[in-house]
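Breakdown of the fold
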Amino acid sequence: QVQLVESGGGLVQAGDSLRLSCVASGRTFSSYIMNWFRQGPGKAREFVARISQSGSTKYYADSVKGRFIISRDNAENTLYLQMNTLKPEDTAVYYCAASTLPSVLGSYMHSWGQGTQVTVSS
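Attention in this report is confined to the structure presented alongside it. Remember, it's a predicted structure, so these values are computed and weren't measured experimentally.

1. Comments concerning unusual backbone geometry
Phi angles above zero are rare outside glycine, and Asn77 is one such case at about 55 degrees. Take Asn77: it is sitting in the loop between β7 (68-73) and β8 (78-83). When its relative accessible area of 16% is taken as the criterion, Asn77 is described as buried. Even without glycine at this site, Thr85 takes up a positive phi of about 45 degrees. Mapping Thr85 onto the fold places it in the loop between β8 and β9 (92-99). You can call Thr85 partly exposed: its relative accessible area is 45%.

2. So, the pattern of salt bridges
Within the structure shown, the criterion is met by four salt bridges. Asp90 is the salt-bridge partner of Arg38, the closest N and O atoms lying 2.8 Å from each other. Here the residue Arg38 occupies a position in strand β4 (residues 33-39), and Asp90 occupies one in the loop between β8 and β9, the gap between them amounting to 52 residues. Taking relative accessible area as the criterion, Arg38 reaches 5% and is therefore assigned buried. Ionic pairing is found between Lys65 and Asp62, a salt bridge with its closest N-O pair at 3.4 Å. For Asp62, a relative accessible area of 66% gives the class exposed.

Conventions adopted
Within each chain, residue numbers correspond to sequence positions counted from 1 in written order. For a predicted model such as this one, the threshold for reporting local features is a pLDDT of at least 70, and the threshold for listing and counting side-chain atom pairs is 80 or more; totals across whole chains, interfaces and linings nevertheless cover every residue. Excluding hydrogens and water, the side-chain values take into account all heavy atoms of the structure. Numbering of helices and strands runs from the N terminus, with a helix taken as a DSSP run of H or I at least four residues long and a strand as a DSSP run of E at least two residues long. Here's how the labels work: a residue is buried when its accessible area is under 20% of the maximum for its type, exposed when over 50%, partly exposed in between, all with a 1.4 Å probe on protein chains only. What counts as a salt bridge is simple: a side-chain nitrogen of Lys or Arg found within 4 Å of a carboxyl oxygen of Asp or Glu.

Put into structure tokens, the structure is as follows:
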């Protein structure tokens with residue numbers, strides 16, 4: 001399976017912005033739908049956003065729509081999540097994941113990264 005490594009998390013204040021990256025190993029990155037999930041402490045993992053293989057189609061959870069932007073650079077095997085106007089409720093470990101079908105369910109993901117912590121203070 002494809003190996004995924006997230007980076008870019010950190011501690012920011014409410015209203016600030018942050019960009020997460022997810023680098024995939026191998027040459028099959030462009031074959032996958034790529035997704036972002038997040039999991040806050042004591043909460044279930046939830047879907048955040050996905051992007052089609054070519055990057056032409058994007059879908060966001062209502063909680064982040066209008067604030068977050070998902071993108072990908074297939075030449076660099078990298079997925080991004082630009083997070084703007086961050087809120088304390090965005091605090092979570094953020095995971096990238098690869099799938100072959102569009103879904104908001106974690107069970108449909110083929111591979112997961114290890115996660116990167118995002119903390120938003122008020």
